[in-house]
Amino acid sequence: MSGIDRVRLRQLAAAARLTLLGVTTAEPFHELAALLEAHIRAGHMAGLDWFTEERARFSADPRNLHPTARSIVSVGLPYWQPDIVPPDDGVPRGRIARYAWGRDYHATLKARMRDLHARLEQELGRPLEARFLVDTARIVDRAAAARSGLGWYGKNTMILVPGHGSWVMLGELVLDIDLEPSPPLRPKCGRCTRCLDACPTGALIDAYRLHTPHCISYLTIELRGAIPRHLRPLMGNWVFGCDICQELCPYTGAAAPSADPDVRPERIEHAFPALHWLLRMSEEEFRAVYRGRAVLRAKRRGLARNAAVALGNVGTRADLALLEEVATAHDLPLVRGHAAWAIARIAGADSLPALRAILDREQDPAVREELRAILDDPPPPRCQCAA
Ligand code: SF4
């Protein structure tokens, strides 16, 4: 062993502002490789084209990335805090998943792991080879967290950490020293199926099995093109990620609030952005508001596309003028097409003349195809939005 025991490691981690951790060896995650390969072959990761079977095998062995790796310190950043309340101003707003409210967790976790690494080097009096992984898919964060006893797998495929539920961001510090491993925890979902029952798109097809192409998180963040029309009515007002399978979990309901300033939103747009603003924002406004935040990953085109779908799902006829303006004149074709869908979603058959007029003026082939599809088969109009 390295000479650093569990207690000392926790002290050093706490000094680096890492309060949750577990330790495992750098042995391959054999079961994970087989599971991921089967998952990919079944089409449950369709759309994540970079995550191939080869990548899954590579990811499942930490030594592919760090040949002298001996241990993995799995760290967690808890991020739950009491709800911030959107202003009661009648403005239709989107929702951003809680993990993205604060500063970009990749940067936060990596900075803290670098701090821990420096403290370990100082303690041992020699350089340590290390890798700092957050969401890299080179090793899978959740597998390391489960084997290290940081948390256990819930049926919603998230890692549940005692005292925090799944409101925890994960990272790994891979080191070339032997540290004492911590034992895995026993899963505690029991007979509960709340997350499986509540997923609006049915993406949780079974316990511990997520069909990624239907997950609202995937649709709003990773998917670059058009959102499948049959899934749009099921997405509510989520514009970046989704927390539904976490919010109703009894373990997340008992989460302790985080006082960490890095996980707090600094303005309302970081948690509940106004949908009209998202549909009108310029590239400069988008970059200024979301600088240093995970939301940048969706890009302006993705966020505005999602806002159009959300407005279709929660807007009223009072929003139709803005949507017609967006469907006609937005600079991004993807957004124009989704705004046209939102018009039909709100106004049903009443919207068809306006959509035909938009089609007459539209030049982009993909938007024309979207408009024709909407005119041929309009989405189910919502009944609660009369005038
Ligand atoms: Fe497990 Fe229930 Fe939480 Fe789903 S909602 S992760 S089944 S405890």
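Scroll up to find the structure.
## Considering helix α13 (residues 320-329)
Those residues of α13 not exposed but buried are L320, L322, L323, V326 and A327. An end-on view of α13 places all buried positions within 160° of arc, on one side of the element. In this structure, α13 carries A321 and A329 as exposed residues pointing more than 90 degrees from its buried face. Packing partners of the buried residues in α13 comprise α10 (275-280), α12 (299-314), α14 (333-347) and α15 (352-361).

## So, the site of the ligand
The environment of the ligand is made up of G154, K155, N156, C189, C192, R194, C195, C249, P250 and Y251. Residue assignment for the shell around the ligand shows that the elements contributing at least two residues are α6 (194-198) and α9 (250-253). Each of domain 1 (6-83 + 99-175) and domain 2 (194-376) gives at least three residues to the shell around the ligand.

## Some thoughts on the pattern of salt bridges
Scanning the model with the defined rule gives 27 salt bridges in all. Here R119 makes a salt bridge to D115, at a shortest N to O gap of 2.9 Å. Remark: D115 and R119 occur in helix α4 (residues 105-124); sequence separation between them is 4 residues, near one turn of the helix. Since its relative accessible area comes to 28%, R119 is described here as partly exposed. With a closest N to O distance of 3.0 Å, E269 and R267 form a salt bridge. Judged by relative accessible area, which is 17%, E269 ranks as buried. The partly exposed category is assigned to R267, whose relative accessible area is 41%. Connected through salt bridges with shared partners, the residues R17, R103, R112, D260, D262, E266 and R293 form a single ionic network.

## Focus on the pairing of strand β1 (residues 20-25)
Judged by how many residues are buried, β1 sits mostly within the fold: 5 of 6 residues are covered. In this structure, β1 lies alongside strand β2 (residues 71-78), joined through 6 bridges in antiparallel fashion. The partner of L20 across the bridge, within β2, is G76.

## Some points on the sheet that holds β2
On the basis of which strands lie adjacent, the open sheet formed by 4 strands has the order β1-β2-β7-β4 and antiparallel pairing. Whereas interior strands pair on both sides, the edge strands pair on one side only; in this sheet they are β1 and β4 (130-133). Direction aside, the axes of adjacent strands within the sheet are offset by 20° on average. Taken together, the 4 bridges between β4 and strand β7 (residues 168-175) define a ladder with antiparallel strand orientation. Each residue of the ladder has a partner; that of A130, found in β7, is L175. The sheet contacts of α4 involve β2, β4 and β7, and relative to β7 the element is tilted by about 35°.

## Notes on the packing of aromatic side chains
Summed over the entire model, instances satisfying the criterion amount to 7 aromatic pairs. A centroid spacing of 5.8 Å and a plane angle of 80° characterise the contact between Y79 and W167, whose relative ring orientation is edge-to-face. In this pair, Y79 is assigned in the loop between β2 and β3 (95-96) and W167 in the loop between β6 (159-160) and β7, connecting sequence segments 88 residues apart. Looking at W167, the relative accessible area reads 2%, which means it is buried. Ring centres of W152 and Y251 lie 5.1 Å apart, and the angle between their planes is 90°; this geometry places the pair in the edge-to-face category. Within this pair, whereas W152 is found in strand β5 (residues 152-153), its partner Y251 is found in helix α9, the two being separated by 99 residues in sequence. Here W152 falls in the buried class, since its relative accessible area comes to 4%. Put simply, the rings of Y99, Y105 and F240 pair up and form one aromatic cluster. The lysine or arginine in question, R114, covers the ring of F132, its NZ or CZ lying 4.4 Å from the ring centre.

## Things to note about unusual backbone geometry
The phi angle of most residues is negative, glycine excepted, and most peptide bonds adopt the trans form. Of note in the backbone geometry, T157 takes a positive phi value of approximately 75° without being a glycine. The topology assignment puts T157 in the loop between β5 and β6.

Rules behind the numbers
Residues numbered from 1 in each chain as written. Predicted model: local features only at pLDDT ≥ 70, side-chain atom pairs only at ≥ 80, totals over all residues. Heavy atoms only, no water. Buried < 20%, exposed > 50% of the residue type's maximum accessible area, 1.4 Å probe, protein only. Helix = DSSP H or I, 4+ residues; strand = E, 2+ residues; numbered from the N terminus. Arc of directions from axis to C-beta. Contact = heavy atoms within 4.5 Å. Near = heavy atom within 4 Å. Domains from an automatic or database assignment. Salt bridge = Lys/Arg side-chain N within 4 Å of Asp/Glu carboxyl O. Pairing = 2+ DSSP bridges. Axes fitted to C-alpha atoms, helices over the stretch in contact; angles between N-to-C directions. Phe/Tyr/Trp six-rings, centres within 6.5 Å; stacked < 30°, edge-to-face > 60°. Lys NZ or Arg CZ within 6 Å of the ring centre and 35° of its normal.

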